[in-house]
Amino acid sequence: MVFVLDKRKKPLMPCSEKRARLLLERGRAVVHRLHPFTIRLKDRLLEESVLQPVGLKLDPGSKVTGVAVVRREERADGPWDHALHLAVIVHRGDAIRERMQKRAAHRRRRRNANLRYRAPRFNNRRRANGWFPPSLRSWVGNVLSWASRYRRLAPIAFIEIETVRFDTQALQNPEISGVEYQRGELFGYEVREYLLEKWGRRCVYCGAENVPLEIEHIVPRSRGGTDRVSNLTLACRACNQAKGDRTAEEFGHPEVQAKAKVPLKEPAAVNTTRYAIRNGLCAMGREVRSWTGGRTKWNRERFGLPKTHALDALCVGDLAGVSSWHALVLEIKALGRGQRCRTNVDAHGFPRGYRMRSKTVRGFRTGDLVRAEVLKGKRTGVHIGPVAVRASGSFRVGKADGISWRCCRLLQRADGYGYMKGGRGASSPGVNAGASGAA
Ligand SMILES: [Zn+2]
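Residues numbered from 1 in each chain as written. Predicted model: local features only at pLDDT ≥ 70, side-chain atom pairs only at ≥ 80, totals over all residues. Heavy atoms only, no water.

Looking at an unreviewed UniProt entry, one finds the protein chain named HNH nuclease domain-containing protein, with Thermogemmatispora aurantia as its source organism.

**Remarks on unusual backbone geometry**
Each neighbour pair has its own omega, and for His35 with Pro36 the value is -15°, a cis peptide bond. Considering the arrangement of structural elements, one finds Pro36 in the loop between strand S3 (29-33) and strand S4 (38-41). Here the phi dihedral of Arg201 falls at roughly 55°; this positive angle occurs in a residue that is not glycine. Relative to the helices and strands, Arg201 resides in the loop between helix H5 (186-198) and strand S9 (213-217). Residues other than glycine seldom take positive phi values, yet Arg362 does so here, at roughly 55°. By the element assignment, Arg362 lies in the loop between strand S16 (360-361) and strand S17 (364-365). (Helix = DSSP H or I, 4+ residues; strand = E, 2+ residues; numbered from the N terminus.)

**Describing the side chain of Asp81**
By the secondary structure assignment, Asp81 is in strand S7 (residues 78-90). Of note is the side chain of Asp81, whose polar atom sits 2.6 Å from the side chain of Lys57. Ignoring anything within four residues of it in the chain, the contact list for Asp81 reads Lys57, Val70, Arg71, Arg72, Leu314, Leu319, Gly321, Val322 and Ser323. (Polar contact = N/O pair within 3.5 Å; in protein donor to acceptor, adjacent residues only side chain to side chain. Contact = heavy atoms within 4.5 Å.)

**Considering the coordination of the zinc ion**
Ideal coordination angles are 109.5 degrees for a metal with four donors arranged tetrahedrally and 90 or 180 degrees for a metal with six donors arranged octahedrally. Taken together, the protein donors to the zinc ion comprise Cys203 (SG), Cys206 (SG), Cys236 (SG) and Cys239 (SG), at separations of 2.2 to 2.3 Å. Given four donor atoms and angles of 102 to 115° at the metal, the environment of the zinc ion is assigned as tetrahedral. Of note, the donors binding the zinc ion are all from one chain and are spaced C-x2-C-x29-C-x2-C. As far as the burial class goes, Cys236 and Cys239 line up, both buried. (Donors = N, O, S within 2.8 Å, 3.2 Å for Na, K, Ca; no water. Tetrahedral: all angles 85-135°; square planar, octahedral: opposite > 155°, others 65-115°. Buried < 20%, exposed > 50% of the residue type's maximum accessible area, 1.4 Å probe, protein only.)

**Here we look at the pairing of S9**
Counted residue by residue, S9 has four buried out of five residues, so it is predominantly covered. Note: S9 against strand S10 (residues 232-236), five bridges, orientation antiparallel. Note that in S10 the partner of His217 across the bridge is Leu232. (Pairing = 2+ DSSP bridges.)

In structure tokens form, the structure reads like this:
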């Protein structure tokens, strides 16, 4: 689908590629943005058009975040989401960490080179509330800035996001955790996923892996054990039967009994950043709903979708089915906006060459998407791609080097991201996937 804006740049319902092509050919629209492809109608206002409920769904991961823009339809069996646009945002946390470490090493060498030893000063420096390391800050920033961009491209009415992997509140609550944990039920599914994660996907008694595991009561129900997750573990069939009516301690595994009482903790960094993303989304003035990863996975398996980041985003939320999930996935890669540092250094941190003081040359910046039409010489032809500028005015466009700035025309300003029309959401051409169809 193609994003559509009205003549005042307010978002309208996305349209099909074919319709966009016709509008452009007839001169009723102009290209507003190349990635994600957006057109602007010259003769239409938002007030004259009908909007349907459109939502933005996010599945933030530490390396890759899945994004889905969907149209929601209320059917008799529940809400269905039709994918209008699928994307993945590839974060650059590792690159940032690497650069920061390199910079620290160079600074350390420079200080140590000319200084006698001094004892470190008393460390009374505090970090501000809500501080994140730069790698995580860029992660949160990527997700929030794209949520805000999609809000400008489509009439987003609600945002759904996967905030936690397990709903630990519901899992611990005995009223909810009744005898419901049969297979197929969402709650049972979450319990099972939680236990697999907590107990490391193996039999706790004999350590067998890749065998069918059964949910097992540490203190048997016949002896007053409850169905709470703090009394559950996973065991292979043989161990489960051998244990019989004994508690784990009597069965010779007191460590299992001790570990069971400690709830599974997600890494603190993941939680704080996820809540930072959630709070940032709430500030955008749209209805925000958060869901668990367990529910996402349950939906995905119920609908029979393959595991990709974009499809995970599509499966977030309380759904009866999804459609159009075979759409092309746009890969958005965070690249950064260049360096502030103007001095290049060699492997030992010594200065070696200087960068230009100004990042702009003849109105172009490194990373801008340009179209270069070369009329003569060995580079004759049309080159389209990101530009790398030089002070001399001889640029590199894509892979073609030595192209004069005079041949270049700006297509889209560098915005810190690279774009690739990635693979499909799935290789098989499935169009509809509902709970009823898969069951
Ligand atoms: Zn076993």
